[in-house]
Structure formats: structure tokens, C-alpha cells
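Single-letter residue listing:
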Amino acid sequence: MKELKELVRPNIWALKPYSCARDEFKGVKADVFIDANENPYNNNVNRYPDPLQEKVKSLISPLKGVPADNIFLGNGSDEAIDIVFRVFCCPGVDNVVAINPTYGMYQVCAETNDVEYRSVLLNYDYSFSPESLLAACDENTKVIFICSPNNPTGNAFTRESIETVLNGFEGLVVVDEAYSDFCGQRPFRLDLDRYPNIIVLNTFSKAWGAAGIRLGMAFASKEIIGFFNKVKYPYNVNVLTQKKAVEILTDTAVLQRHIAMILEERSSIMQAFSVLPICERIYPTDANFFLAKMTDADKIYRYLVEKGIIVRNRNHVVLCENCLRVTIGTKEENSKLLSALRQYK
Ligand code: PMP
């Protein structure tokens, strides 16, 4: 890996971060807070939240096996994706490399930040070639994005292929493991010590059942997390989200139950799909969704919409021609979908 100083944007390296009211007294015991121009009358949200979400991180740390200092929390992992660009990529100069197809926000954030986005097509079996990803890089490539399990294809990549990229690239590698709770592989967040250039993303929006609170995680070296904290909005995770996260994190039995139910439903709906005459093929998945190649995805998609059933039409995505992406719903939702598809003519 290059020195961090070579990878961080020079203006961010030099940036003096905003110091919020609560940063300045840290560690002192106080009971009068008249420093932040808040309304003093308690209604549970009149105070600013903890800017570094220490309580939430202290609960995440043992569950994820990552020290609190190696954790960044944001307004969804989408915030972490955007921050990667703002910390490392000089607009109009640097570029990033990603697999194609993959999660769309990497490209949107690249373009928002005026950073060139280079995409490398997956193989037909949805694997990627580490050599092609590395060959797409040049001296201005700051970041490689790998989403595993990948959205929209659903498959996890082999550890070896991701490790080849981590070992062969001098810049940063974002490994987006938003769906890793549904996948049996060892997650990369447990290997932060081995890869100083890795940034792993996780989210509360999938297995944790909390897409509505907007809470995402990035795991990386303390130094990288320090730069994330430097550029984030001072109070980026609100009081209500932090409170709800503490509640969710103290009841992990629900998480395990939900994952087990989703995995069980996943096998049965995929089995049922595989014998539908209008389904040509289903792709193996390691996530809470799967991709199905249909006889005519656009038509079937419109038919389902008319029935009030919304799946994701991926027909116009490269390598996903005629594919629908189906999220595993409840037993009832999945049966509604199947019975609609059985009636399709
Ligand atoms: N990464 C991947 C691969 C995703 O599919 C998504 C959401 N669809 C995200 C990140 C963003 O998740 P969040 O809700 O945490 O912003």
C-alpha cells in the first residue's frame, strides 16, 4: 500500500475539522449544558446526538469483532461510500475501478464528485478476474470497489480473488459486505490487521431489519477512520437512530431468527421458481435476493406491477438481460408472487 499521505486528498490531509461544542469539554463531568444553543426543555430530542456514537459502537464492536476505533457510522453505508470519494479522490484527476454490474451508488458518488468511474465487466458466470481489475488501474486510481455478495447478481466472490486485489493494489479496496450476514464466508472485517488498505462496509438495512433508521458501518484502520470522522457532518447519526440502534443491538436473537427464516424461504422460493415455465434460469445466491432469467422480464415485470407486486427489473443491466431481481419476502409475500407467476399467460 502507498503511504496514506499519498492517497488522501491534500486538502483533506491539511483540513482542520469542525470542532463541535461537545468535543471541547470531553471527559469532564457536567450537568449544565448551555454551550450548544439548544433549547433546554427536555423532550428527548432537544439535545444534539453524540457525534462519535460511542454507545452504539461499544455494542457493535463485540458483535462484529472489530475494535470501536476501527468503526465509522454513517447515515446508511451510502454516506460511507460518498465519504470515500471526498477523502481520497481529487475531482477531475483521480479515478476508481469497480466490477460491472454492481451496486449503482459507487458510480453515482463518483460522478457527483467528478471522479472518473472505470468499470470492468464480470465474467459470464458472474465471477471477476482480479487481473482485469488490476489492469484497469493506473497511477491515478485511488479506490477499487468490490461488492460481495454482489448486488444485483447475488453471488459472493472467492476469498482468493478478493485477496489478490488487496495484495496487488497500492490504493484502497472497498469490500462492500452489505449482504454478508446471509453468506457463509468469513467476512473481511475480521482481517483489518492483515490489510491496511481495506475498507469494509456493513449496514443495518438488510439482515438487521432497520433500513428505516439509516445506519451504515465502515470498518478500516484507525487512521482511515480518523479521516472519515474529519470530513463527516458533525452530528451525522441522529438521536432517534442511535437510540433505536442500541435497542436492536441488544436483541440479537431476532437477527438470528430473521436470517434463518429468510434463508429457509430463499430455498423454497428458488425451488418453486426453477420449475416455472416462464423462468429460464435462476442464479445461485449468497444474499437475501436472487436473480431469475425470465422469458420476457419487461412484460412479466409490468404484469406483476398490475397485480401490486413489485420486484426489481434488471433487464437493462449488462449481463442481466431478461432478469428480475427478487428480494426474499415473508412466506405470504412469496406465495403471492408465486401464485401470480403461475397464472401468467
Ligand atoms: N451496498 C450495497 C451492496 C447495497 O445493496 C446497498 C443498498 N441497497 C447499500 C450498500 C446501501 O445501504 P444503506 O441502506 O446502508 O445505505
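Residues numbered from 1 in each chain as written. Predicted model: local features only at pLDDT ≥ 70, side-chain atom pairs only at ≥ 80, totals over all residues. Heavy atoms only, no water.

Considering the overall build of the chain
Broken down by element type, the chain carries 13 helices and 11 strands. Taking 2.2 N^0.38 as the reference for a compact globule, 345 residues should give roughly 20 Å; the C-alpha atoms of the chain span a radius of gyration of 22 Å, in line with that estimate. Dimensions of the chain along its principal axes, counting C-alpha atoms only, are 70 × 50 × 30 Å. Residues counted as buried form 51% of the 345 residues belonging to the chain. Within the chain, residue pairs in contact and separated by at least 24 positions form 68% of the contacts whose partners lie at least 6 positions apart. As displayed, the chain offers around 16700 Å² of accessible surface, 52% of which is attributable to carbon and sulfur atoms. (Helix = DSSP H or I, 4+ residues; strand = E, 2+ residues; numbered from the N terminus. Rg over C-alpha atoms; globule rule 2.2 N^0.38 Å. Buried < 20%, exposed > 50% of the residue type's maximum accessible area, 1.4 Å probe, protein only. Contact = heavy atoms within 4.5 Å. Areas by Shrake-Rupley, 256 points an atom, 1.4 Å probe, with all protein chains shown as cover.)

Some words on the nonpolar core
Ranked by internal contacts, the top residues of the largest apolar core, which has 78 residues, are I60, F128, L133, I146, F273, L304 and L337. Sorting elements by how many residues they give to this core places helix α11 (residues 252-274) first, with seven residues. Leaving out residues up to four positions away in the same chain, F273 has contacts with C279, I282, F290, A292, M294, V326, L337, L338 and L341. Counting residues in each nonpolar core, the second largest holds 34 residues, with I12, I199, A220 and I224 among its members. (Core = buried A, V, L, I, M, F, W, Y, C linked by side-chain atoms within 4.5 Å.)

A look at the sheet that holds strand β10 (residues 312-313)
Here we have four strands laid out as an open sheet, ordered β8-β9-β11-β10, and antiparallel in their pairing. Of all the strands in the sheet, just β8 (279-282) and β10 have a single pairing partner and so form its edges. Where strand β9 (residues 289-294) meets strand β11 (residues 323-327), five bridges bridge the pair, whose relative direction is antiparallel. Bridged to A292 within β11 is L324. Across the sheet, helix α12 (residues 297-306) is in contact with β9, β10 and β11; its angle to β11 comes to roughly 40 degrees. (Pairing = 2+ DSSP bridges. Axes fitted to C-alpha atoms, helices over the stretch in contact; angles between N-to-C directions.)

Some points on empty space enclosed by the protein
Enumeration over the complete set of coordinates arrives at one cavity of 30 Å³ or more. Taken together, S148, P149, A156, I162, E177, S180, C183, Q185, R186, P187 and F188 form the lining of the largest cavity. When grouped by side-chain class, the residues that make up the lining of the largest cavity number six nonpolar, three polar and two charged. (1 Å grid on protein atoms, 1.4 Å probe; cavity = no way out; pocket = protein on both sides within 12 Å on 5 of 7 lines; lining within 4 Å. Points joined across faces, edges and corners; volume = space filled by probe spheres on them. Nonpolar A, V, L, I, M, F, W, Y, C, P; charged D, E, K, R; others polar.)

Considering the pairing of strand β5 (residues 172-176)
For β5, the buried fraction is high: five of the five residues fall into the buried class. The alternating pattern of β5 places L172, V174 and D176 on one face and V173 and V175 on the opposite face, and all of these are buried. Alignment of strand β4 (residues 141-147) against β5, held across five bridges, turns out to be parallel. When the bridges of β5 are listed, I144 appears paired with V173. A crossover links β4 with its parallel partner β5, the connecting element being helix α8 (residues 159-168), and its sense is right-handed. (Right-handed = clockwise from strand over helix to strand, strands pointing away.)

Structural notes on the layout of surface pockets
Its volume calculated, the largest pocket comes out at about 690 Å³. If you trace the largest pocket, you find 33 residues lining it, with Y179, K206, N288, F289 and T327 closest to the centre. Breaking the lining of the largest pocket down by element, the ones donating at least two residues are β2 (95-100), β3 (116-121), α11, β11 and α13 (331-343). Looking at side-chain class alone, the lining of the largest pocket contains 12 nonpolar, 13 polar and eight charged residues.

Some thoughts on the packing of aromatic side chains
A ring pair, where both rings are aromatic, is described by two values, the distance of the centres and the angle of the planes. Going through the model one piece at a time under the given rule, you end up with 13 aromatic pairs. With 4.7 Å between their ring centres and 20 degrees between their planes, Y106 and F145 make a pair best called stacked. One end of the pair, Y106, is in helix α6 (residues 105-112); the other, F145, is in strand β4, and 39 residues separate them in sequence. No difference in accessibility class separates Y106 from F145, as the two residues are buried. Aromatic pair F273 and F290: ring centres 5.0 Å apart, planes at 85 degrees, arrangement edge-to-face. Of the two residues, F273 sits in helix α11 while F290 sits in strand β9, which places them 17 residues apart along the sequence. Through pairs of rings, three or more aromatic residues link up here, namely F85, Y103, Y106 and F145. When the ring centre of F188 is taken as reference, the NZ or CZ atom of R159 above it lies at 4.1 Å. (Phe/Tyr/Trp six-rings, centres within 6.5 Å; stacked < 30°, edge-to-face > 60°. Lys NZ or Arg CZ within 6 Å of the ring centre and 35° of its normal.)

Focus: the site of the ligand
Neighbouring the ligand are 13 residues; S77, D176, Y179, T203 and S205 lie closest to it. One nitrogen or oxygen atom from the main chain of S77 is found 2.7 Å from an oxygen atom belonging to the ligand. One of the side-chain nitrogen or oxygen atoms of S205 is found 2.6 Å away from an oxygen atom of the ligand. Contact with the protein chains covers 91% of the free accessible surface of the ligand, which is 400 Å². Along the lines of polarity and charge, the residues of the shell around the ligand split into four nonpolar, five polar and four charged. (Near = heavy atom within 4 Å. Polar contact = N/O pair within 3.5 Å; in protein donor to acceptor, adjacent residues only side chain to side chain.)

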